[in-house]
Amino acid sequence: MKKLFPVLLILVIVLAACGSNNSSGSEEKAPSTGDGNDTFTYESENGPVEVPTDPKRVVVLSSYVGDLIDLDVPIVGADAWSMQNPRFEDALKDAEEVTEDDLEKIIELKPDLIIGFTSLKNLDKLKEIAPTVTFTYGKLNYLDQHVEIGKLVNKEEEAQAWVDDFTKRAAETGEQIKEKIGPDATVSVVENFDKQLYVYGDNWGRGTEVLYQAMSLNMPEKVKADALEAGYFALSTEVLPEYMGDYVFFSKFDDTDTSVEDSESFQNTAAAKNNHVYEVDGNAFYFNDSNTLDYQLDFIKESFLGK
């Protein structure tokens with residue numbers, strides 16, 4: 001018995017040490033296994049939602065597809081606007097076009113996460129299919145929104161790194177542009193969509209965040225008065241010259257429709273006469289996600305600086 005006692009004592013010590021290590025590990029967040037089965041609690045604007053740590057099959061019913069593409073998150077379903085974006089074609093080649101009404105189709109896609117706007121009318125039904133997180137458009141600014149998407153898909157550090165880099169690049173480019181065109185020059189963002197003209201404020205995609213917020217370029221007073229607060233303003237060809245800045249980014253969805261550009265009102269503006277109108281593909285320039293913002297920044301830089 002005396003010989004057995006030291007052996008039993010050693011065994012008790014070893015078991016106690018193992019128990020101590022297991023207790024310590026249980027207090028830490030379990031690492032992701034990469035199989036998409038681990039979850040964590042995401043604090044959404046509508047309350048906590050249990051979401052996958054490593055989402056593998058995401059359905060996006062909003063304008064955040066480009067953010068997810070940049071964060072390398074697999075997308076299996078997306079809205080029509082995103083599917084029509086020529087720049088997203090490769091990333092979405094295996095994805096299906098869906099709306100919130102396509103419940104059976106979404107079920108077939110077997111999503112592990114659904115992302116949309118708070119305005120979704122089938123929200124309760126979507127929640128029955130997969131964890132669903134919604135955002136109110138404009139509640140967060142365009143940079144904070146990307147970081148929030150990063151938090152949702154467990155990639156906040158990558159998202160913040162992009163924001164820091166983009167902010168620096170855009171500010172530097174803005175200073176170069178102002179040196180070239182002068183501190184008082186104005187810039188407008190005009191769009192021709194479905195036979196209607198629009199002019200935009202500083203937070204409605206189409207490059208407005210880059211031009212007005214990130215670069216601090218000047219908005220014409222008429223645009224500021226009518227479009228800044230609302231985000232956009234519909235206008236006729238006759239009054240278009242009042243909203244045209246010294247430089248204009250003209251978003252089009254139909255390359256064959258040149259009625260606006262051919263009009264006397266358009267041709268008599270200083271921007272048109274000086275070849276300061278830069279046409280963009282509306283489908284590619286539409287959003288304000290990180291992927292599109294990078295594209296807009298490059299386009300704007302090349303338009304003004306030629307590089």
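These lines cover the structure that appears in this document, whether it is placed above or below. Just so it is clear, the structure is predicted and the values come from calculations on it, not from any experiment. (Residues numbered from 1 in each chain as written. Predicted model: local features only at pLDDT ≥ 70, side-chain atom pairs only at ≥ 80, totals over all residues. Heavy atoms only, no water.)

Taking burial as the measure, the 7 residues of strand 8 (residues 187-193) include 6 buried ones, the bulk of the element. Of the strand pairs in this sheet, strand 8 and strand 11 (residues 247-252) are connected by 6 bridges, and their pairing is parallel. Opposite Asn192, over in strand 11, you have Lys252 as the bridge partner. Sheet analysis places strand 8 next to strand 9 (residues 196-200), joined by 4 bridges and oriented antiparallel. Paired with Glu191 across the bridge in strand 9 is Tyr198. (Buried < 20%, exposed > 50% of the residue type's maximum accessible area, 1.4 Å probe, protein only. Helix = DSSP H or I, 4+ residues; strand = E, 2+ residues; numbered from the N terminus. Pairing = 2+ DSSP bridges.)

What follows is about the layout of surface pockets. Rolled over the atoms, a probe with the dimensions of a water molecule shows which regions are left empty. There is about 390 Å³ of room inside the largest pocket. In terms of residue class, the lining of the largest pocket is made up of 9 nonpolar, 5 polar and 3 charged. One number sums up the size of the second largest pocket: a volume of about 190 Å³. Within the residue set of the lining of the second largest pocket, elements represented by two or more residues are helix 6 (142-152) and helix 8 (208-214). (1 Å grid on protein atoms, 1.4 Å probe; cavity = no way out; pocket = protein on both sides within 12 Å on 5 of 7 lines; lining within 4 Å. Points joined across faces, edges and corners; volume = space filled by probe spheres on them. Nonpolar A, V, L, I, M, F, W, Y, C, P; charged D, E, K, R; others polar.)

Our next topic: the sheet that holds strand 6 (residues 113-117). In spatial order, the strands read 5-4-3-6-7; together these 5 strands make up an open sheet with parallel pairing. Two strands in the sheet have a free side with no partner beyond their single neighbour: strand 5 (96-97) and strand 7 (132-135). Pairing of strand 4 (residues 75-78) with strand 5, which is carried by 2 bridges, proceeds in the parallel orientation. Residue Gly77 lies in a different strand from strand 5, and its bridge partner there is Glu96.

To continue, consider the nonpolar core. Ranked by internal contacts, the top residues of the largest apolar core, which has 46 residues, are Phe166, Leu211 and Phe304. The greatest single-element share of this core, amounting to 6 residues, is contributed by helix 7 (residues 156-181). Ranked by size, the runner-up nonpolar core spans 25 residues in total, among them Val49, Leu71, Ile115 and Val133. (Core = buried A, V, L, I, M, F, W, Y, C linked by side-chain atoms within 4.5 Å.)

A complete count under the given rule lists 26 aromatic pairs for this structure. Relative to Phe117, the ring of Tyr64 has its centre 5.6 Å away and its plane inclined at 75°; by these criteria the two rings are edge-to-face. With a gap of 53 residues between them, Tyr64 in the loop between strand 3 (58-61) and helix 2 (65-70) and Phe117 in strand 6 connect regions that are remote in the sequence. Phe117 sits in the partly exposed class, given a relative accessible area of 21%. With centroids separated by 6.4 Å and ring planes inclined at 75°, the aromatic side chains of Phe253 and Tyr286 adopt a geometry described as edge-to-face. Placement of the pair is Phe253 in the loop between strand 11 and helix 10 (259-262) and Tyr286 in the loop between helix 13 (282-285) and helix 14 (290-305), with a sequence separation of 33 residues. Among the aromatic residues, those joined into a cluster by ring pairs are Tyr64, Phe117, Phe135, Tyr137, Tyr198, Tyr200, Trp204 and Tyr232. (Phe/Tyr/Trp six-rings, centres within 6.5 Å; stacked < 30°, edge-to-face > 60°.)

Spatial ordering of the open sheet is given by 10-9-8-11-12, a layout of 5 strands whose pairing is mixed. This sheet does not close on itself; its edge strands, each paired only once, are strand 10 (232-235) and strand 12 (277-281). Each strand axis lies, on average, 25° off the axis of its neighbour in the sheet, ignoring direction. The pairing of strand 11 with strand 12 spans 5 bridges and is classified as parallel. Across the sheet, Val248 pairs through a bridge with Val277, a residue of strand 12. (Axes fitted to C-alpha atoms, helices over the stretch in contact; angles between N-to-C directions.)

Next up on the list: the environment of Thr118. The residue Thr118 is located in the loop between strand 6 and helix 5 (123-129) in this model. The spacing of Thr118 and Glu45 is 73 residues in sequence and 9.4 Å in space, taken between C-alpha atoms. Non-local contacts of Thr118, meaning those with residues more than four positions away in its chain, are made with Glu45, Asn46, Thr134, Phe135 and Thr136. (Contact = heavy atoms within 4.5 Å.)

Before going further, it helps to examine the environment of Ser188. With respect to the element layout, Ser188 can be found in strand 8. Counting along the chain gives 13 residues from Ser188 to Gly201, while the straight-line C-alpha distance between them is 8.7 Å. Every residue in contact with Ser188, bar those within four places of it in the chain, is listed here: Tyr212, Pro220, Val223, Tyr243, Met244, Gly245, Tyr247, Val248 and Phe249. A polar contact of 2.6 Å, which involves the side chain of Ser188, links it to the backbone oxygen of Tyr243. (Polar contact = N/O pair within 3.5 Å; in protein donor to acceptor, adjacent residues only side chain to side chain.)

By themselves, these figures tell us nothing about what the structure is for.
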